[in-house]
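Here is how the chains run, residue by residue.
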Amino acid sequence: MEFIDRLVKSTPHGQIWIATHSIHVLSQISPDSLWYVDNGHVEWAGRRPEKVLKSLVGDEERVGQLERFIHLPAVYAMERFAAECLLAPAILTTGADDKQSNQIRNLIEKKRINGSPLRVLDYGAGQGRILATLRQNRDDLSHSIDYRALEPNDSAREHCIGAVADAYGTDQATAKDRVFQSEDDLRQRLQPKTVDIAILCNVLHEIHPRKWRRLFTEQELPYALKQDGHLLLLEDMKIPYGEKAHENGFILLDTEQLQTLFAVNREDPSEFVVYTEDDRLKAYLIRADVIKRVTDGTIKESLERRLASSGDRIQELRQMEATYANGRLLALYTAIYANTALALRG
């Protein structure tokens, strides 16, 4: 259709008449410019473009089939994502060029003081992909990162232990001392208030909101973090797959909702620092004392804000072009809206 675009631009003050049966050509033309020839009679079809479409395709059923085909990418994306939301989350593995992993490494580098090792707790470590990122371009990781991990999944934890052994050049038994399988295990083998940075990477959306208050005020995070420590919270706001993280499904909180959850004082920029690669990969460095502000009230308010904002996004997407990407986003925000509504019901 580039030819037609150039033809129109080359005759800004002239008229161009095109006789065609091509729907592709007609899609480039305003309905106001459509004329229809039937049995030797010429008629303007600007107010009845469906008459032209039916003459080319057939009856209303065939027009409907064409419309469904045109919207197929968006429909396929929505149906696929919705089906994935019935499945348990998969454990993510990435390569060296993963943007989110590199985002983590860069942010942790900024927190190192005087070159001393930084103790990091990888909460929900999976197979240890963050550790693999942290060791890139380092001959000896022990001089820069004192890595600890919590991973309840047995299979993933074994992979993580192997990654630790490889990263620090130790045997499996020694590496296992750095990887915890439960909250009790962590408390037994990790001294309290000794962690500089706890990392929650693509983890919060998998935890049911009814567990958020205990996670941030009673469990491993407040136990492990130093008084001047930080929580590094990262989320992929366009997660690549749908997932059933728990009975109500996943919920992705954006910046406004997280600030509400932690009752952030907007006048103190050190409490909650926002880092973003784009509108998808978002990272937040949150002071240890701030995460303890989570209450049942802040949880409820953050969910209410998420419900409202996801509803607004759904309305926006319904007005946009029916592409595969937009169809997938519509499915994503529809799932977030439904899951948030279920969480608010208790």
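Up top is the structure these notes are about.
Note that this is a predicted model, so its numbers are computed, not measured. (Residues numbered from 1 in each chain as written. Predicted model: local features only at pLDDT ≥ 70, side-chain atom pairs only at ≥ 80, totals over all residues. Heavy atoms only, no water.)

Points about the overall build of the chain
- The helix and strand tally for the chain stands at 16 helices and 9 strands.
- Each of the 346 residues in the chain was classed as buried or not, and the buried ones make up 44%.
- Within the chain, residue pairs in contact and separated by at least 24 positions form 72% of the contacts whose partners lie at least 6 positions apart.
- For the chain, the accessible area works out to roughly 19,000 Å², and carbon and sulfur atoms hold 50% of it. (Helix = DSSP H or I, 4+ residues; strand = E, 2+ residues; numbered from the N terminus. Buried < 20%, exposed > 50% of the residue type's maximum accessible area, 1.4 Å probe, protein only. Contact = heavy atoms within 4.5 Å. Areas by Shrake-Rupley, 256 points an atom, 1.4 Å probe, with all protein chains shown as cover.)

Here we look at the pattern of salt bridges
- Summed over the entire model, instances satisfying the criterion amount to 26 salt bridges.
- Between Lys 226 and Asp 196 there is a salt bridge; the shortest N-O distance is 2.9 Å. Of this pair, Lys 226 sits in strand 7 (residues 225-236) while Asp 196 is found in strand 6 (residues 195-201), placing the two residues 30 residues apart along the sequence.
- Of the residues examined, Lys 226 reaches a relative accessible area of 28% and is grouped as partly exposed.
- Of the charged contacts, one joins Glu 256 and Arg 305 as a salt bridge, the two residues approaching to 2.7 Å between their closest N and O atoms. On the criterion of sequence distance, the pair formed by Glu 256 in helix 13 (residues 255-261) and Arg 305 in helix 15 (residues 296-318) is long-range, its members being 49 residues apart.
- Linked by salt bridges that have partners in common, Glu 183, Arg 187, Arg 213, Arg 214, Glu 218 and Asp 296 make up one network. (Salt bridge = Lys/Arg side-chain N within 4 Å of Asp/Glu carboxyl O.)

Quick notes on the nonpolar core
- One finds Phe 216, Leu 231 and Phe 262 to be the most contacted residues of the largest nonpolar core, which totals 37 residues.
- Apart from the residues within four sequence positions on either side, Leu 231 is in contact with Ala 198, Leu 200, Phe 216, Leu 221, Leu 225, Phe 262, Tyr 284, Leu 285, Ile 286 and Ile 291. (Core = buried A, V, L, I, M, F, W, Y, C linked by side-chain atoms within 4.5 Å.)

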